[in-house]
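# Coordinates in review
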Amino acid sequence: MIEPLIALPILADVLLLLQILKENSFFKYDGSFCSPASIIVPIRGEDPGLELNVNSLKNQDFPCSYDIIYVVDPDQPWLAERLKSLGVKVVVSQGDCSCSGKIKAQLSGIREASNPVIVFADSDTFYPRRWLREMVRNLDKYTAVTTFSWPDPVKMSLRNLIRAGFWTLGFESQALGGTFLWGGSMAFRRDFIDNEVIDELSKEWCDDCTLTRIVKMRGGRIAFNGLAIPLNVYDERDIGRWSARQVVTIVKYSNRGAKAFLVIGSFMISFILLFALSLQWIYLTPLLLWIAKNFSRSRYLGKKSIIPSLASILGLFFGWVTLIANFRRRKVVWRDVSYDL
């Protein structure tokens, strides 16, 4: 007879294996839709690897035509000149809205875009050559297509390792409570972004949260394409503020997922404590499967998969503590601007 406590890690193992099997569907999209696209990239300041970001977008293996629009803030003319020297179109963010600076830039880019497909990207990300093709090819079957980036720190530091592990938790939202858009990779057909969408965005600070809400409100479907996973290039300087902003956003826009994560984190910590008390290896198997799950997600990234997958345990516990500490917080600071949620 299995002891009651031994049954807990076995149950956790089964659930993690089922999640890994479920996430295999992220890599099995087979659409063939293609249409000229406009990639809109809001940018403020020069991110690490900016030239790599620009070149990765300029060299997409996309069978249809596309253009790239970088949107800069009016107080950063030096950045506009830097981007022009790299050979991309640059427009200045403009217009009045009560939205965040990023959304204002996105709306400015939409006004400049003329193609029937709109794709949003980030300036701190390296995009594989098939990214745009994978983002667009299922828009005949889905309202929107998204993916989530994989962390790629520019150097090994404790802050960067914590962020790498924490970042992998973004995949959990795709397994808990449905599919959510990620702002660094979102594709839509132009007719979806109508006046209602523009009006809604003009009042919000969170672009992907707002667009996810609208897609679901309209009864649309979101495809999460694991074949399009890009690399988020970063060198974290303020892990406390950054992580607090992430969890406050999760609590606000995915409260059920936040509560589920509190339970998951509690179980994982209990498994470590039970192992320390009993020295029975069975209590460590859920943590090993948690790491294996992240290796599975990043299967096509080669050696880039290793560090974040291993750090995912560190990120799991750091995220759990951060979530508890900020669960009732309703203010975030983003790009030096404070927002009340």
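Now for a description of the structure that goes with this document.

Conventions and cut-offs
Residues numbered from 1 in each chain as written. Predicted model: local features only at pLDDT ≥ 70, side-chain atom pairs only at ≥ 80, totals over all residues. Heavy atoms only, no water. Core = buried A, V, L, I, M, F, W, Y, C linked by side-chain atoms within 4.5 Å. Buried < 20%, exposed > 50% of the residue type's maximum accessible area, 1.4 Å probe, protein only. Helix = DSSP H or I, 4+ residues; strand = E, 2+ residues; numbered from the N terminus. Contact = heavy atoms within 4.5 Å. Disulfide = S-S within 2.5 Å. Pairing = 2+ DSSP bridges. Axes fitted to C-alpha atoms, helices over the stretch in contact; angles between N-to-C directions.

Moving on, we come to the nonpolar core. If you look at the biggest cluster of nonpolar residues, it comprises 38 residues, and the most contacted ones within it are M268, W290, L316 and L323. Where this core is concerned, the elements lending two or more residues are helix 1 (4-23), helix 6 (158-167), helix 9 (239-253), helix 10 (255-278), helix 11 (285-297) and helix 12 (306-326). When sequence neighbours within four positions are dropped, the list of residues in contact with M268 reads L16, P286, L287, W290, L316 and F317. If you look at the next biggest cluster of nonpolar residues, it comprises 34 residues, including L79, V88, V119 and A228.

For the structure shown, the criterion picks out 3 disulfides. At a sulfur-sulfur separation of 1.8 Å, the disulfide partner of C97 is C99. Where C97 bonds to C99 through sulfur, the torsion about that S-S bond is close to -55 degrees, and the disulfide is left-handed. For C97, a relative accessible area of 30% gives the class partly exposed. Covalently, C206 is tied to C209 through a disulfide, its sulfur atoms 2.2 Å apart. A torsion of 60 degrees about the S-S bond marks the disulfide between C206 and C209 as right-handed. Under the relative-accessibility criterion, C206 is labelled buried at 4%. Relative accessible area serves as the criterion here: at 14%, C209 is assigned to the buried category. When the bonded cysteines of the chain are counted from the start of the sequence, the pairing works out to 1-2, 3-4, 5-6.

Whether parallel or antiparallel, the strands of a sheet pair through hydrogen bonds between backbone atoms. Spatially, 7 strands are ordered 3-2-1-4-8-6-9 in an open sheet, and the strand pairing comes out mixed. Here the strands that pair on one side only, and so sit at the sheet edges, are strand 3 (89-92) and strand 9 (222-224). Averaged over all neighbouring strand pairs, the angle between strand axes comes to 25 degrees, with direction disregarded. Lying on the sheet, helix 8 (residues 207-217) is in contact with strand 4 (117-121), strand 6 (144-146), strand 8 (185-189) and strand 9; it crosses strand 8 at an angle near 40 degrees.

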